[in-house]
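Chain and residue survey
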Amino acid sequence: MSVNMKIKTIFDKSQNGRKGITLPPLDVSVDTKINSSLLREEKARLPEVSEFDVIRHFTNLSNKNMSIDKNFYPLGSCTMKYNPKIVERIANLDGFLNLHPHVVTNNFSEDVQGSLETIDLLEKNLCEITGMSAFTTTPQAGAHGEMLGIMMIDKYHKSKGEKRKYIIVPDSSHGTNPATAAMVGYEVITIKSDENGAIDFETFKKKMNRDVAAVMLTVPNTLGMYNKRIKELCDVAHEYDALMYYDGANMNAIMGVVRPGDIGFDVIHINVHKTFATPHGGGGPGSGPVGVNDKLKEFLPDLGIKKENGKYEFTSGGFNSIGKISPFFGNYGISLRAITYMTVLGSNGMKNASTKAVLNANYLRVRLKDYFDVPYAGMCMHECVLSAKTLAKKGVSAMDIAKYLLDFGLHSPTVYFPLIVKEAIMIEPTETENKETIDYFCDTMINAVKLADENPEEFANYPKTLGVCRPDDTRAIKELDVKFKY
Amino acid sequence: MPYTPHTNEQIREMLDLIGLDKESDLFSSVPKELQISGINLPEGLDEFSTFEKFKAIAAKNVTNKTLFMGGGYYDHIVPSAVDALAGRSEFYTSYTPYQAEASQGTLQVLYEYQSMICELSGLDVSNASMYDGASALAESALMAVRITKRNKILIDGGINPTYIKVVQTYLSFRDIEFEVIDVENFKTNRQSVLDKIDESVAGYLFQNPNFFGTIDDFTDIIEKLHVHKALAVVSAYPISLGMLKDPASMGADIFCADGQCLGNYLNFGGPSFGMIATKEAYIRNLPGRIIGRTLDKDGNEIFVLTMQAREQHIRRHRATSNICSNQNLVAVRSTIFMSLLGKDGLADMANLCFSKASYLKEQLSNIDGVEILNKENTFNEFVISTPLSSDDFLDRLREKGFYAGINLANIDDSFKNQILVSVTEKRTKEQMDAFVSSIGDVL
Ligand SMILES: Cc1ncc(COP(=O)(O)O)c(C=O)c1O
């Protein structure tokens, strides 16, 4: 295919000798030399542009994004709720922004009492919300937290002289769960879901044995359903001394309603960029604090805090600690945002947030249930999973629906996940959206179904308003172009 | 209630449609016996009180010291344009660019980011960011194990000690053998490294300039690695690449680094981001996201997530890594920063760091009692020893308004009385002279 519209990258805008920055002056004179064999022969060809070029280029690029502030963004499993501005303002205070982490190495804890207080506050809040007995904020995202959790579980078994082999996950699990198991050296047993979308209890019981180190469950699961037999699952696993891992990606459904620790889960990660409204940043940074019960406390990672005589000190993890997974306190700046958000909400606000998240999801589910396939009937929690299976027979796929929505100022839901639902459309409205927006979304979805009846071919042309439409993914791989070529 | 827009009438209307009596019925699928009556935390605070509360907490932190502290986290300039652009909510309130048409902004920035990382390193392909420099190094080690199908990693003792700890954690759970080769006079122990390279080695990890600031050329070591079909993994300080031999020119197979220094605040250690670049032949072994340019159905250029068959959402337990969310916004900041710097700016900045550090090194060497321990070929950091214990020395200078460096004795007992001193372009002659005279005073 010949190229129609070419894109100008920042490199294409480069002009020899143009500058975008004035650096501090060289106010010393030295004649120290470095052996020339250690030096670079040619300069790195970064673009040569002015400050204003940079401002205009990136401002224009920002306009090409859909974002929560501009658009309804019901990306299932990602909890795209409003990110309050007060949180950014606090995180940008000089006292928080400009702390050097090696104060830890130097043991200058007295200079960072404020930040250690915020970490303590966050850990205590998370313990209360989840019912766990201790938290660490060192993991930098949910998947990083999963890795830490499984490492601690591995150490737990080793400390009892056992090396176990398997991690159990349901077939509805998020990809990071099995990928994490493999990162930590485990084999994965995948268990099918039953007709209600829950992990099949009988199969689960059959597969349980003393070679299973842990069971990783998302609760409510990725179908947005709460498993009524959750406590029994924990009890069965514990009979074999297998530990229960709680993927907390969906905490937004249950704050103030039910606590994983009370049910019997041994370890949990929280995605603060989901439940606790820290900005998703176009893909990160997140933060993935991990909570444990008493069984796993001794395995917590290197770098924590303790309070003695009213003063915070650093702790480096005990004899059985799994060691470091981050150099210092992980994505501290993100954890800080989470605790400020929690402070604004308080206990009442958190329960209200979960209630309204579930209200919005169920309202949306009921409005759409007669227009799409509903793979698993019944009440959902904070998100609902529909299917475009019937539409697909007319040639309109879940992806077609996703692309259609974009033209109406709506970001697409998650599609094709969970993998067990054919033509899955996973919708998470979150509590911060008003009824008018949800109605508009539902109306647009219903219009899509009508269009599928009248003119299914038309979908191939969506989106029509964004300047680009339907990338050729095969070409992207075959004619790999992953950097600017001079 | 903050941030939930529902009116009472709307709540009623919505519950009616769902067919529920009251809000608590929404949780009917959660077994009654598991439900709690509430959580024991304070009620929410209004915005004004929240701000006052956290302003008071921030005031308990000390940020008025002049920094001569580096060790992988540097006090560099952050141009206003970086904050202005990265503060645009179109960037910070979007998520992973799965829907290409709705995410061309983020995708193009990341393509430009990858291009810049390739320019810095001289290598062919970069991913779209990792968590930080430490996890990028650990994932690079795992890459070397995958590519060579060997099970042993050599770790140079010149690598940032906190990174070494992170790498050890990642490797130990995979039963991958590793050995740390101690430095000699703050420099790679060449002979010892060369002696250990054989057919069992998957990769050798090293850092340049190393943690102690020493610059070296690893070309000969890399040649020997390649003779034995082992990989060279270098962790480098991006600013130094404005001046120092780039990883590809040394022959390195994998480059990784921490990006904090490129337009980001110290943030008490995070968020920062990690970079990884490698040779094209190894692209299928890269962890994380990769952005490519392709055409859309009408022949228009468009950016997309590509080579996704490496990733957890497709490949599950066979993925190259479990990483999902990365550190996108910080990588965006650094892309903006590198655009502002440009070709000459990066070189100038490297030269400023080097020259100012050289000046300070010279001045310190004139003080009685101060000894410079790595005299030659350092970039912007170097090690000094003084007659005082490291703790004592650092405390006294702290009282005079300086973070004088990193206490190496706290990293390893063998570094008794030793301090790692760092200088960036932000330090003025005046500050350095005051620092030098304060050191004279305390000794
Ligand atoms: C159910 C579930 N688990 C785990 C993760 C991984 O979290 P993160 O992206 O923070 O690593 C996600 C994120 O999308 C998720 O939806």
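Computed from a predicted structure; not experimentally measured.

1. Brief notes about the packing of helix H12 (residues 328–365) of chain B against helix H14 (residues 429–442) of chain B
Residue and element names in this part refer to chain B. Here H12 crosses H14 at 25°, and the two axes come no closer than 10 Å. With respect to H14, the axis of H12 lies roughly parallel. Viewed along their axes, H12 and H14 form a crossing whose handedness is right-handed. Only Lys-429, Met-432, Asp-433, Phe-435, Val-436 and Ile-439 of H14 make contact with H12, whose side of the interface consists of Lys-356, Tyr-359, Leu-360, Gln-363 and Leu-364.

2. Brief notes about the pairing of strand E6 (residues 231–236) of chain B
Residue and element names in this part refer to chain B. Summarising burial for E6: six of the six residues are buried, a large majority. The side-chain alternation of E6 yields two buried faces, one formed by Leu-231, Val-233 and Ser-235 and the other by Ala-232, Val-234 and Ala-236. As paired strands, strand E5 (residues 203–208) and E6 are joined by six bridges and run parallel to one another. Residue pairing in the sheet places Gly-203 in a bridge with Leu-231 of E6. As a crossover connection, the stretch from E5 through helix H9 (residues 219–227) into E6 is right-handed. Note: E6 against strand E7 (residues 254–258), three bridges, orientation parallel. The residue of E7 that forms the bridge with Ser-235 is Cys-256.

3. A look at the interface of chain B and chain A
With 186 residues of chain B at the contact, the number on the chain A side is 210 residues. Summing both sides of the interface, chain B and chain A together bury roughly 17,800 Å²; the carbon and sulfur share of this comes to 64%. By the criterion of area lost to chain A, the three top residues of chain B are Tyr-3, Phe-173 and Phe-268 of chain B, representing 6% of everything that side buries. Taken together, chain B and chain A are joined by 12 salt bridges.

4. What about the site of the ligand?
Neighbouring residues of the ligand: 15 residues in total, closest Ser-77, Gly-142, Asp-247 and Lys-274 of chain A together with Ser-325 of chain B. Looking at the residues close to the ligand, they fall on chains A and B. At 2.7 Å from an oxygen atom of the ligand is found a main-chain nitrogen or oxygen belonging to Gly-142 of chain A. Here the ligand has 390 Å² of accessible area as a free molecule, and 99% of this is covered by the chains. Taking a 2 Å distance to the grid points as the criterion, the majority of the atoms of the ligand fall inside the largest pocket. Considering each element in turn, the shell around the ligand owes the most residues, three residues, to helix H5 (residues 142–159) of chain A. Split into classes, the residues belonging to the shell around the ligand amount to five nonpolar, seven polar and three charged.

5. Looking at the layout of surface pockets
Space inside the largest pocket adds up to approximately 1,100 Å³. If you go around the largest pocket, you meet 50 residues; those closest to its centre are Tyr-98, Leu-305, Gln-308, His-313 and Ile-314 of chain B. Going through the elements one at a time, H5, helix H12 (398–406), strand E11 (414–415) and helix H14 (473–478) of chain A together with strand E10 (301–306) and helix H11 (312–315) of chain B are the ones with two or more residues in the lining of the largest pocket. Of the residues contributing to the lining of the largest pocket, the split by class is 23 nonpolar, 19 polar and eight charged. What the second largest pocket holds in volume is close to 770 Å³. Lining the second largest pocket are 34 residues, and of these Pro-161, Lys-165, Asn-410, Ile-411 and Asp-412 of chain B sit closest to its centre. Among the secondary structure elements, those contributing two or more residues to the lining of the second largest pocket are strand E9 (311–315) of chain A together with helix H7 (161–172) of chain B. Sort the elements by how many residues they give to the lining of the second largest pocket and H7 of chain B lands first, with five residues. Classifying every residue of the lining of the second largest pocket gives 16 nonpolar, 12 polar and six charged.

6. Description of the sheet that holds strand E3 (residues 187–191) of chain A
Residue and element names in this part refer to chain A. As summarised here, the arrangement of the seven strands in space is E1-E7-E6-E5-E4-E2-E3, forming an open sheet in which the pairing is mixed. A single partner strand is all that each edge strand has here, and the edge strands are strand E1 (134–136) and E3. Adjacent strand axes in the sheet meet at a mean angle of 25° when their direction is disregarded. Strand direction decides the pairing type here: strand E2 (residues 166–170) and E3, joined by five bridges, are parallel. In the strand pairing of E3, Tyr-166 is matched with Glu-187. Each of E2, E3, strand E4 (212–218) and strand E5 (243–248) is contacted by helix H6 (residues 176–183), which is oriented at about 175° to E2, the strand it contacts most. On top of the sheet, helix H8 (residues 230–239) reaches E4 and E5; it is set at about 140° to E5, its chief contact.

7. Digging into the pattern of salt bridges
Inspection of the entire model under this criterion finds 57 salt bridges over all chains. Residue Asp-481 of chain A pairs with Lys-485 of chain A through a salt bridge whose shortest N-O separation is 3.9 Å. In this structure Lys-485 of chain A comes out as exposed when scored by relative accessible area, which is 52%. In this structure, the salt-bridge partner of Lys-196 of chain B is Glu-179 of chain B, at a minimum N-O distance of 3.3 Å. Separated by 17 residues along the polypeptide, Lys-196 of chain B in helix H8 (residues 190–196) and Glu-179 of chain B in strand E4 (residues 177–181) bring together distant segments of the chain. In this structure Lys-196 of chain B comes out as partly exposed when scored by relative accessible area, which is 26%. Judged by its relative accessible area of 30%, Glu-179 of chain B falls in the partly exposed class. One continuous salt-bridge network, built from bridges that share partners, spans Lys-6, Asp-481 and Lys-485 of chain A together with Arg-293 and Glu-301 of chain B.

8. Points about the domain arrangement of chain B
All names here are of chain B. Examined at the domain level, chain B breaks down into domain 1 (66–76 + 343–442) and domain 2 (80–338). Relative placement of domain 1 and domain 2: their C-alpha centres are 28 Å apart. With 28 residues of domain 1 at the contact, the number on the domain 2 side is 23 residues. Between domain 1 and domain 2, roughly 2,200 Å² of surface is buried when both sides are summed, and carbon and sulfur atoms account for 72% of that area.

Basis of the calculations
- Residues numbered from 1 in each chain as written.
- Chains lettered and ligands numbered in written order.
- Predicted model: local features only at pLDDT ≥ 70, side-chain atom pairs only at ≥ 80, totals over all residues.
- Heavy atoms only, no water.
- Axes fitted to C-alpha atoms, helices over the stretch in contact; angles between N-to-C directions.
- Helix = DSSP H or I, 4+ residues; strand = E, 2+ residues; numbered from the N terminus.
- Parallel < 35°, antiparallel > 145°, perpendicular 65-115°, else oblique.
- Left-handed = near helix turned anticlockwise from the far one by under 90°.
- Contact = heavy atoms within 4.5 Å.
- Buried < 20%, exposed > 50% of the residue type's maximum accessible area, 1.4 Å probe, protein only.
- Pairing = 2+ DSSP bridges.
- Right-handed = clockwise from strand over helix to strand, strands pointing away.
- Buried area = accessible area lost by both parts, 1.4 Å probe.
- Salt bridge = Lys/Arg side-chain N within 4 Å of Asp/Glu carboxyl O.
- Near = heavy atom within 4 Å.
- Polar contact = N/O pair within 3.5 Å; in protein donor to acceptor, adjacent residues only side chain to side chain.
- Areas by Shrake-Rupley, 256 points an atom, 1.4 Å probe, with all protein chains shown as cover.
- 1 Å grid on protein atoms, 1.4 Å probe; cavity = no way out; pocket = protein on both sides within 12 Å on 5 of 7 lines; lining within 4 Å.
- Sits in = over half its atoms within 2 Å of the grid points.
- Nonpolar A, V, L, I, M, F, W, Y, C, P; charged D, E, K, R; others polar.
- Points joined across faces, edges and corners; volume = space filled by probe spheres on them.
- Domains from an automatic or database assignment.

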